[in-house]
Structure formats: structure tokens, C-alpha cells
Amino acid sequence: MTVKPIIMHPDPLLEQTCERVEIFDSKLKRLVRDMFETMYEADGVGLAGPQIGVLKQIAVVDADEEIGPIVLINPEIYDQNGEELGVEGCLSIPSLYGEVVRSQSIKVKAFDVKGRQFDLKASGFVARAIQHEIDHLQGILFTSKVVRYIKEEELEVEG
Ligand SMILES: [Zn+2]
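Everything numeric here is computed off the predicted structure, so don't read it as measured data. (Residues numbered from 1 in each chain as written. Predicted model: local features only at pLDDT ≥ 70, side-chain atom pairs only at ≥ 80, totals over all residues. Heavy atoms only, no water.)

Engineer: Would you mind showing me how to read unusual backbone geometry here?
Structural biologist: Working note: non-glycine residues mostly have negative phi, and peptide bonds are mostly trans. The omega torsion across His-9 and Pro-10 is 10°, close enough to zero to call that bond cis. Take Pro-10: it is sitting in the segment before helix H1 (26–41). Of note in the backbone geometry, Asp-43 takes a positive phi value of approximately 60° without being a glycine. You can see Asp-43 is positioned in the loop between H1 and strand S1 (46–48). A relative accessible area of 71% means that Asp-43 is categorised as exposed. One non-glycine residue, Asn-74, adopts positive backbone phi at about 50°. Here Asn-74 lies in strand S3 (residues 70–90). (Helix = DSSP H or I, 4+ residues; strand = E, 2+ residues; numbered from the N terminus. Buried < 20%, exposed > 50% of the residue type's maximum accessible area, 1.4 Å probe, protein only.)

Below you can see the structure in the form of C-alpha cells.
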């Protein structure tokens with residue numbers, strides 16, 4: 001496994017629309033493993049293809065101990081409910097945090113590394129992480145949705 005360099009804002013690669021994955025081969029499996037490795041190394045809870053310079057619809061999320069790692073290939077949110085304000089950051093925009101409104105719960109259709117389609121229901125923080133990553137696949141950064149920026153000191157107060 002290889003830790004990849006993370007592409008930083010304002011690199012234009014972060015604002016491109018990603019292509020669907022059509023070939024589910026060993027190269028894709030290796031890429032997904034590298035994405036997890038890169039995300040864990042950076043202490044992140046999610047990482048999308050463009051953040052390592054791969055303009056493909058691939059995202060990894062690990063935002064809840066009980067749910068564990070999630071691979072999302074060609075993901076589509078097909079149902080969403082409720083709204084929730086919460087704090088987000090991004091591995092491509094270090095030291096910047098802000099409050100963003102997201103759907104409280106979502107239903108997602110996606111493919112796994114073997115090309116099998118699956119359905120996933122998520123809510124709360126995991127749903128937030130998934131929505132953040134799916135935005136990346138459309139070239140959308142969370143900063144375009146921030147309602148209020150949060151100072152790092154405030155984060156520490158919140159624990
Ligand atoms: Zn991000």
C-alpha cells in the first residue's frame with residue numbers, strides 16, 4: 001500500500017467532474033487500498049479520487065467505528081431526509097473548518113470494488129462524510145456551502 005500525496009486547494013483538479021468507473025480490476029482494488037492508507041495517514045474520515053489526482057467517481061469513508069470502512073464507487077444519493085448543521089473540514093484545505101447544512105439521513109446506491117451494486121442507509125456524521133465526499137466527485141468543495149467558519153480554538157472548546 002502506498003500513501004499518496006494529497007492535492008491541496010486551490011488546485012484545479014479539485015474542481016473537476018469525475019468520470020464513472022467502468023473497469024473493476026486489480027488496479028482499482030489497489031487504488032482503493034491506497035486511498036484508505038492515505039486517508040488514515042492524514043487522520044481523515046473520508047477521501048475522494050480527485051484529492052489524490054484521480055478524476056474517477058471513487059470515495060472512501062471511515063467515520064464511525066461500528067460501521068467501519070465504506071467504499072463508494074459511482075455513488076448516487078437517491079433519497080434524503082431532514083437537515084442538520086454540523087462542522088466540517090477537508091484534507092485538501094487544512095486548518096479550515098466551517099458549519100455546513102447537510103441531509104440528516106441519506107440512501108445511497110453505489111458499487112463496491114468487485115463491481116457489485118449495493119444500497120446503503122446512513123445518518124448523522126457518516127451521512128455528512130458521504131455527502132462531503134460525493135460533492136468532491138462533482139468538483140464541489142465544502143467551502144462553497146459553509147454557513148459560518150469556525151476558528152480552531154472553538155473546535156477545541158467543543159471537544
Ligand atoms: Zn474534502
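Engineer: Whenever I open this one, the environment of Glu-99 confuses me. Can you help?
Structural biologist: With respect to the helices, strands and loops of the structure, Glu-99 is situated in strand S4 (residues 93–111). It is 22 Å that separates the C-alpha atoms of Glu-99 and Ala-59, two residues lying 40 residues apart in sequence. Residue contacts for Glu-99: discarding those within four places in its chain leaves Leu-85, Gly-86, Val-87, Lys-145, Val-146, Val-147, Arg-148 and Ile-150. (Contact = heavy atoms within 4.5 Å.)

Engineer: Can you walk me through the packing of aromatic side chains in this structure?
Structural biologist: A ring pair, where both rings are aromatic, is described by two values, the distance of the centres and the angle of the planes. A complete count under the given rule lists two aromatic pairs for this structure. Look at Phe-24 and Phe-111: their rings are 6.0 Å apart centre to centre, the planes differ by 45°, and that puts the pair in the tilted class. Residue Phe-24 is found in the segment before H1, and its partner Phe-111 is found in strand S4; the two are separated by 87 residues along the sequence. Their ring planes at 20° and their centres at 5.9 Å tell us that Phe-36 and Tyr-40 sit as a pair that is stacked. Taken as a pair, Phe-36 and Tyr-40 lie in helix H1 at a separation of four residues, close to a single helical turn. Judged by its relative accessible area of 40%, Tyr-40 falls in the partly exposed class. Positioned above the aromatic ring of Tyr-78 is the side chain of Lys-109, whose terminal nitrogen or guanidinium carbon lies 5.5 Å from the ring centre. (Phe/Tyr/Trp six-rings, centres within 6.5 Å; stacked < 30°, edge-to-face > 60°. Lys NZ or Arg CZ within 6 Å of the ring centre and 35° of its normal.)

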